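Notes for the structure review
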Amino acid sequence: MASVKFNQVTKSYGKQEVIQSTSFEIQDKEFVVLVGPSGCGKSTMLRMIAGLEEITTGTIEIGDTVVNKLPPKDRDIAIVFQNYALYPHMTAYENMAFGLKIRGMSKSVIEEKVMKAAKILDIEDLLDRKPKAMSGGQRQRIAIGRAIVRNPKVFLFDEPLSNLDAKLRGQMRLEISLLHKKLQATMVYVTHDQVEAMTLGDRIIVLNKGVIQQIDTPQNLYNHPTNQFVAGFIGSPTMNFMKGKIYQEDEIEVFISEDQSFRLSLNTVYGLNPYQNVILGIRPEHIFSSQTLLKNPLQFQAEVRWVELLGHEGFAFFDLGGQQLSARLRADELKDPPFSKKLYIEGERLHIFDADTGLNLM
Amino acid sequence: MRRLKKILFYFILTIAALTFLYPFYWMIVASLTPEENIGNLSLVPQGLTFDHYSDMVEKIPIWRALFNSLLVATISTFGVLVFGSMTGYALAKMRFKGRNLLFFTIIFTMTLPFQITLIPNYIIMVNFKWVDTLAALIVPALNSAFAILLFRQAFLTIPDDLIHAARVDGCGDLRIIFQILWPNILPSLITVGILTFMTSWNDVLWPLIVIRQEELMTMPQLVTLFAVGGRSEAQLGVKLASAVLLALPIIIAYIFLQKYFIQSMASSGIKA
């Protein structure tokens, strides 16, 4: 196994720079997830590690080797693609054995490796089948099997679960996580699904428009996003945002929305510049219907105009300060809209972002 | 009413089929009929003879021509499949400057009638000193714009990730084309194969221009020269016997590959 190191790597197509100067290191045996919206450059980054995309400037190291000029086959990596990319004319066994055969391994060694991988993935029954005779989940297992048999230094996953239905996706997510523990391998995983990112990654790299926004553990990303983009991208449903200004009143800071219709006393002093334009951020799950157990309850009145029930819980949607906000509440706390309800923001979980730069000011 | 329509439909189809089949039937029957009875145009053979065939074998080196035709058509077909798919792959899956310009130029050559390029091609053959060699028949036919177009379109339907997976597995471009992509574009391969073989097999004009030695001639060329060149001494039976022998390989191939023939005609939109 090996680490992966990006040193001031950039990637351009003609004049368009899709990856801006990027440096980071993925540790040996680490599971790192690259996450971001479509077109943010995450797949390009993965393909640059694989050698399927050329690097414009900078260097990529796998282990101690600079791999810029090495073809994919010599990088000792394996990749699992979104659409499986299994060879349609070969059986599952042949698909898994193909790479080993090309590397000149003996039949007995190939068989041993394929059977071992098949056992790990519980796909022994599928080995004689061709891809078209398999379901999406089975195909993805074979694609993972093809990666495992090679015993590569680095495993690369390019949105491997996107084509699966929700139930199977959950199951495969768990299997990939267990596989990482079993193989103790360096894994780089690309996804646009933040649930996958949060559940799988030791660390997550959040990308937007070819720029790394934050590299951190899932919990830190959730609790301490460096900017508004990360705060909005991580967490489902997305964080509530409200534009406004902060000013001091009787030695505590007060937030007033842009349209001045909503005023919230923050009960504390963050030391922000007076009358600075800010964006207040609060996650739906940090708005409560009771103030018990809250460290710094900030009360407000919500005129709920829409409710989404999900069984045990639900979302209340209401307008506040000219923005639509949502709160995640227990189902029994919700009734047919419209209705008025007293709600409490946990002041400790508030985020305040600079309205111009989007940076977290707290 | 519906039944009547169906009967009428099949009646017209049968007439059309007979119209196409009769000349073939007559050609075969007449080639086996003694010379004096050929002119009767009857459906049933009047007498049976293989004399025309033995006469033909005596008069012209037909077996040598058959060998030449098979050699030229086989190598050309193989060449078109190999080089056509390599060019199609480059145009579909590789990124390089001028790729589209190159592709449109290749397509443009398809619009030029063969007669226009005939003389320049002949001059090239003269300069290469290939006139009166089989190279003059084989080399210019080793790739074709039509094959490139068909292969390019077929490769475009294959996801890039399949090629990326093969690259990570350790394949180079040639292995990707022949080991990964070929098995997945079989209908296109068969279409190009059949059409190239038939084009090469039926070609008369180009061989007439570049081949003069009898032992290097292809079958259609030899048969044409034999039939219209006076060596058959106005014997219809011998001419027809050579025509049967010329048509036979394609008829046999058609019997076995009927499904693919129809598919290839339909998919290429080309009337061969």
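Residues numbered from 1 in each chain as written. Chains lettered and ligands numbered in written order. Predicted model: local features only at pLDDT ≥ 70, side-chain atom pairs only at ≥ 80, totals over all residues. Heavy atoms only, no water.

**Focus on the interface of chain B and chain A**
To be explicit about the condition: Only heavy atoms enter the contact rule, under which two residues are in contact if any of them lie within 4.5 Å. When two parts are put together, the accessible area they lose, computed with a 1.4 Å probe and summed over both, is reported as buried area. By salt bridge we mean one thing: a side-chain nitrogen of Lys or Arg within 4 Å of a carboxyl oxygen of Asp or Glu. Runs of H or I in DSSP of at least four residues are treated as helices and runs of E of at least two as strands, each being numbered from the N terminus. When residue character is reported, Ala, Val, Leu, Ile, Met, Phe, Trp, Tyr, Cys and Pro are called nonpolar, Asp, Glu, Lys and Arg charged, and the others, Gly included, polar.
Contact residues are listed per partner, giving 17 residues for chain B and 23 residues for chain A. Its largest share of buried area at the contact with chain A, chain B owes to Asp161, Val168 and Asp169 of chain B, together 39% of the area lost on that side. In this structure, the connection of chain B to chain A is made through 2 salt bridges. As a salt-bridge pair, Arg47 of chain A and Asp161 of chain B come within 3.1 Å of each other at their nearest N and O atoms. For the side of chain B that touches chain A, the elements supplying multiple residues, two or more each, are helix 8 (160-169) and helix 9 (173-181) of chain B. In terms of residue count, the dominant contributor to the side of chain B that touches chain A is helix 8 of chain B (8 residues). Residue composition of the side of chain B that touches chain A, by class: 8 nonpolar, 4 polar and 5 charged.

**What about the sheet that holds strand 6 (residues 77-80) of chain A?**
Two orientations exist for strands paired in a sheet by backbone hydrogen bonds: parallel and antiparallel. Residue and element names in this part refer to chain A. Operational definition: Pairing between strands is defined by DSSP: at least two bridges between the two strands are required. Every angle, taken between N-to-C directions, lies between 0 and 180 degrees, and every axis is a line fitted to C-alpha atoms, over only the stretch in contact when it is a helix.
One open sheet holds the 6 strands; their spatial order is 6-7-8-3-9-10, and the pairing between them is mixed. Only two strands of the sheet have a single neighbouring strand rather than two, namely strand 6 and strand 10 (211-216). Recorded for the sheet is a direction-independent mean angle of 15° between the axes of neighbouring strands. As paired strands, strand 3 (residues 31-35) and strand 8 (residues 186-191) are joined by 5 bridges and run parallel to one another. The residue bridging Val33 from the neighbouring strand is Tyr189, located in strand 8. Packing of helix 5 (residues 166-183) onto the sheet brings it into contact with strand 3, strand 7 (154-158) and strand 8, and relative to strand 8 it is tilted by some 165°.

**Quick look at the nonpolar core**
Generally speaking, a soluble globular protein has its nonpolar side chains buried in company with each other. Residue and element names in this part refer to chain A. Selection criterion: For the purposes of this section, nonpolar cores are sets of buried Ala, Val, Leu, Ile, Met, Phe, Trp, Tyr and Cys residues that join through side-chain atoms within 4.5 Å. Classification of residues uses two cut-offs on accessible area relative to the type maximum, computed with a 1.4 Å probe and protein chains only: under 20% is buried, over 50% is exposed, and between them is partly exposed.
Among the nonpolar cores identified, the biggest contains 62 residues, and Phe6 and Leu156 are the most heavily contacted of them. Setting aside chain neighbours within four positions, we find Phe6 in contact with Thr22, Ser23, Phe24, Met45, Met48, Ile49, Thr59 and Ile60. Membership of the second largest hydrophobic core comes to 45 residues, among which are Val35, Ala92, Ala117 and Ile176.

**Topic: empty space enclosed by the protein**
All names here are of chain B. The line we're drawing: The way it works is a 1 Å grid over only the protein atoms, where trapped points that fit a 1.4 Å probe form a cavity and open points with protein on both sides within 12 Å along at least five of seven lines form a pocket, and then any residue with an atom within 4 Å of a point lines it. Grid points are joined across faces, edges and corners, and a volume is the space filled by probe spheres set on the points.
A complete count under the given rule lists 3 cavities of 30 Å³ or more for this structure. In this structure, the largest cavity occupies an estimated 70 Å³ of space. Forming the walls of the largest cavity are Trp26, Val29, Ala30, Thr33, Asn37, Ile38, Asn40, Leu41, Ser42 and Gln46. Class assignment for the residues of the lining of the largest cavity results in 5 nonpolar, 5 polar and no charged.

**Remarks on the sheet that holds strand 17 (residues 313-320) of chain A**
All names here are of chain A. Strand order in the open sheet formed by 5 strands is 15-19-16-17-18, with antiparallel pairing between adjacent strands. Every interior strand has two partners, whereas the edge strands, strand 15 (287-288) and strand 18 (323-330), have only one. Alignment of strand 17 against strand 18, held across 8 bridges, turns out to be antiparallel. Opposite Phe317, over in strand 18, you have Ser326 as the bridge partner.

Scope: geometric values only; no functional claims are made or implied.
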